[in-house]
Amino acid sequence: MTDNDSNRKDTTGQRTSISDGGHQERFDEILNALADTHRRYVLHYLQDEEQASLTETAKHVAAWKHDCPPTEVQDERIEDLKIQLYHNHLPMLEDMCLLEYDNRSQQLVFRDPPELVELCLDHCADREIH
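These notes cover the structure that comes with them. Predicted, not measured: the structure shown is a model, and the values here were computed from it.

**Some words on the overall build of the protein chain**
Per the secondary structure count, the protein chain includes five helices and five strands. Traced from its N-terminal end to its C-terminal end, the protein chain shows the element sequence β-β-α-α-β-α-α-β-β-α. For the protein chain, with 130 residues in total, the buried portion stands at 35%. Taking as baseline every contact in the protein chain between residues at least 6 positions apart, the subset at least 24 positions apart corresponds to 52%.

**A short note on the nonpolar core**
It is characteristic of soluble globular proteins that their nonpolar side chains tend to be buried jointly. V42, L43, L46, L90 and L99 are the most contacted members of the largest nonpolar core, which totals 31 residues. Of all elements in the fold, only α1 (21-34), α2 (37-49), α3 (54-66), α4 (75-95), β4 (99-102), β5 (107-110) and α5 (115-128) reach the threshold of two or more residues within this core. Among the elements that make up this core, the one with the highest residue count is α3 (six residues). Filtering out sequence-adjacent residues up to four positions away, L46 remains in contact with Q51, A52, T57, L99, L108 and F110.

**A look at the sheet that holds β4**
The sheet built from three strands is open, its strands ordered β3-β5-β4 with antiparallel pairing. Strands at the two margins of the open sheet, each flanked by one partner only, are β3 (51-53) and β4. Strand-to-strand twist of the sheet, defined as the mean angle between neighbouring strand axes without regard to direction, takes the value 20°. As judged from the four bridges shared by β4 and β5, these two strands associate in the antiparallel manner. Residue pairing across strands places L99 opposite F110, the latter belonging to β5.

**Here we look at the side chain of T57**
Summarising the element assignment, T57 is placed in helix α3. Residues contacting T57, with those up to four places away along its chain left out, are V42, Y45, L46, A52 and L108.

**Concerning the packing of aromatic side chains**
Scanning the model with the defined rule gives three aromatic pairs in all. Centre to centre, the rings of Y41 and W64 are 5.7 Å apart; their planes meet at 55°, and the pair counts as tilted. In this pair, Y41 is assigned in helix α2 and W64 in helix α3, connecting sequence segments 23 residues apart. Its relative accessible area of 8% is what places Y41 among the buried residues. Looking at W64, the relative accessible area reads 17%, which means it is buried. Taken together, a centroid distance of 5.8 Å and an interplanar angle of 75° make the contact between Y86 and Y101 edge-to-face. Placement of Y86 in helix α4 and of Y101 in strand β4 is noted, with a sequence separation of 15 residues between them. When its relative accessible area of 33% is taken as the criterion, Y86 is described as partly exposed. In this structure an aromatic cluster arises from ring pairing among Y41, Y45 and W64.

**Description of the packing of α2 against α3**
The geometry of a pair of packed helices is captured by two quantities: the angle between their axes and the separation between those axes. One way to put it is that α2 packs onto α3 with a least axis distance of 9 Å and a crossing angle of 120°. Classed by the angle they form, the pair α2 and α3 counts as oblique. Two packed elements cross with a definite hand, and for α2 against α3 that hand is right-handed. Contacts between α2 and α3 involve H38, Y41, V42, H44, Y45 and L46 from the former and E56, T57, H60, V61, W64 and K65 from the latter. Residues belonging to the contact of α2 with α3 are distributed by class as follows: six nonpolar, four polar and two charged.

The rules behind the values
Residues numbered from 1 in each chain as written. Predicted model: local features only at pLDDT ≥ 70, side-chain atom pairs only at ≥ 80, totals over all residues. Heavy atoms only, no water. Helix = DSSP H or I, 4+ residues; strand = E, 2+ residues; numbered from the N terminus. Buried < 20%, exposed > 50% of the residue type's maximum accessible area, 1.4 Å probe, protein only. Contact = heavy atoms within 4.5 Å. Core = buried A, V, L, I, M, F, W, Y, C linked by side-chain atoms within 4.5 Å. Pairing = 2+ DSSP bridges. Axes fitted to C-alpha atoms, helices over the stretch in contact; angles between N-to-C directions. Phe/Tyr/Trp six-rings, centres within 6.5 Å; stacked < 30°, edge-to-face > 60°. Parallel < 35°, antiparallel > 145°, perpendicular 65-115°, else oblique. Left-handed = near helix turned anticlockwise from the far one by under 90°. Nonpolar A, V, L, I, M, F, W, Y, C, P; charged D, E, K, R; others polar.

Structure, rendered in structure tokens:
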């Protein structure tokens, strides 16, 4: 590896050494958060909408998951997915500062993601979203 290879841009675009444990940990956390299809679908939807209700988000995620239009997603699937998102996926995305969730209004708001997140979502979009 050359000296130029030992410096990379971190997720915020700043130059950093790849041996910097803090940046490497953040990189690993982001990749872990994006490893799940449900979380990527949530972020894909919010990339376009910027803000949406939990119900609408769940409806679109379920539609992509089952390869059907949102209008054809059964209410039971939406409710099941809302529970999964609320308890499993949204907390991780919030912890990563990728979205905000307001319990009272049940609204999701997309945060300004690091460049790494946008790159990963763009790369996956063509393969995942129909």
